[in-house]
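Coordinate analysis (summary)
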Amino acid sequence: MGTAGKVIKCKAAVLWGMNQPFSIEEIEVAPPKAKEVRVKVLATGICRTDDHVIKGAMVSKFPVILGHEAVGVVESVGEGVTTVRPGDKVIPLFLPQCRECNACCNPEGNLCIRSDLTGRGVLADGTTRFMCKGKPVQHFMNTSTFTEYTVLDESSVAKIDGAAAPEKACLIGCGFSTGYGAAVKTAKVTPGSTCVVFGLGGVGLSVIMGCKAAGASRIIGIDINKDKFQKALAVGATECINPKDFTKPISEVLSDMTGNTVQYTFEVIGRLETMVDALSSCHMNYGTSVVVGAPPSAKTLTYDPMLLFTGRTWKGCVFGGWKSRDDVPKLVTELLEEKFDLDQLITHVLPFESIKEGFELLYSGQSIRTVLTF
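Please read these numbers as outputs of a predicted model, since none were measured by experiment. (Residues numbered from 1 in each chain as written. Predicted model: local features only at pLDDT ≥ 70, side-chain atom pairs only at ≥ 80, totals over all residues. Heavy atoms only, no water.)

Next up on the list: the packing of helix α7 (residues 250-258) against helix α8 (residues 272-281). For any two helices packed against each other, the geometry is given by the interaxial angle and the distance between the axes. Where α7 meets α8, the axes come as close as 8 Å, and the angle between the chain directions of the two elements is 30°. The angle between α7 and α8 falls in the class roughly parallel. Handedness of the α7/α8 crossing: right-handed. Along the contact surface, α7 presents Ile250, Ser251 and Leu254, while α8 presents Asp277, Ser280 and Ser281. (Axes fitted to C-alpha atoms, helices over the stretch in contact; angles between N-to-C directions. Helix = DSSP H or I, 4+ residues; strand = E, 2+ residues; numbered from the N terminus. Parallel < 35°, antiparallel > 145°, perpendicular 65-115°, else oblique. Left-handed = near helix turned anticlockwise from the far one by under 90°. Contact = heavy atoms within 4.5 Å.)

Shown next as structure tokens:
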């Protein structure tokens, strides 16, 4: 492309500070340095994790360009890049895969040492590629996709099949893969089992889809918003309940409902209380509970260790346990093979300039996933 090696001026949604509105600004995006890739973003999803930065639940420096769930096309590459070339369709990866650190080299690991979950806000060389009004602008989770162009480390880019529709495949960059993988990869749900999913947002629905794909015979959805039940049933839940309809603890309600046979529970909210509820709700001896929802920063959990002593397994998972560069292209291929249907998760598609409206839909509970297109 004719822009290779040059600074690109483009539009981006800049967040200047905590609890401030997004500001659509003209920014300057520097060319990629060695082992970096500059990407033209085609579609990007709005995820609750982006809102965590706005609200201060997740640490970040400001100003910052948020967004981490996207599909784009490679505009240019820096020196030494071998895995992608200009014109390739790609998914940016908030969880990189360097293929060299001990997590990448372990078959069970996926939390690459290059991950930026703590708000460093810069690329591998310690600097940013964004400028706005003469000030450097921070990156977010190695991705920053609320912009027409972004720059990523090569380890944070997965080449995908060019036939994939950007406004669908972008969900594989975070929400869908996180939930689906929690069931099929982290929990390893078994056929005929009973599963319970706490929280029926986009990631929770993806957990349900994973449980169904793994052959679970009973999938119970739990949420305090009954408006979410219809969609949960549509994607594979066998029944849904609202904890506020009961006076007993939810673990007792579930034990009564299932004859004490809940094998897998998933907490997909990020609340400390529901993490303990989910643990208590799986079978005391052979149950497994998976923490999927990102917990609030700087908070600690108190629980009765007897919950674990009796034999339960308590697991966490980041990005559904997937090795990002290896597995994201495979998930996109499965999408094209219609192994799963992401249309059920996408409720709104808006132009990028309507990003504020997209977040309003998130806050009001009207959307599951809003996708912004460029």
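Within this structure, the stated rule accounts for 10 aromatic pairs. Ring centres 5.4 Å apart and planes at 55° place the aromatic pair Tyr180 and Phe340 in the tilted group. Taken together, the residues Tyr180 in helix α4 (residues 175-187) and Phe340 in the loop between α10 (324-336) and β16 (346-351) connect sequence positions 160 residues apart. A residue is classified by how much of its surface remains accessible, and Phe340, at 7% relative accessible area, is buried. Members of the aromatic cluster, joined through ring pairs, are Phe22, Phe146, Phe359 and Tyr363. (Phe/Tyr/Trp six-rings, centres within 6.5 Å; stacked < 30°, edge-to-face > 60°. Buried < 20%, exposed > 50% of the residue type's maximum accessible area, 1.4 Å probe, protein only.)

With that settled, the discussion passes to unusual backbone geometry. A cis amide bond links Phe62 to the next residue, Pro63, at an omega of -10°. Here Pro63 is to be found in the loop between α1 (48-55) and β4 (70-77). Even without being glycine, Lys188 reaches a positive phi, approximately 55°. Structurally, Lys188 is set in the loop between α4 and β10 (194-198).

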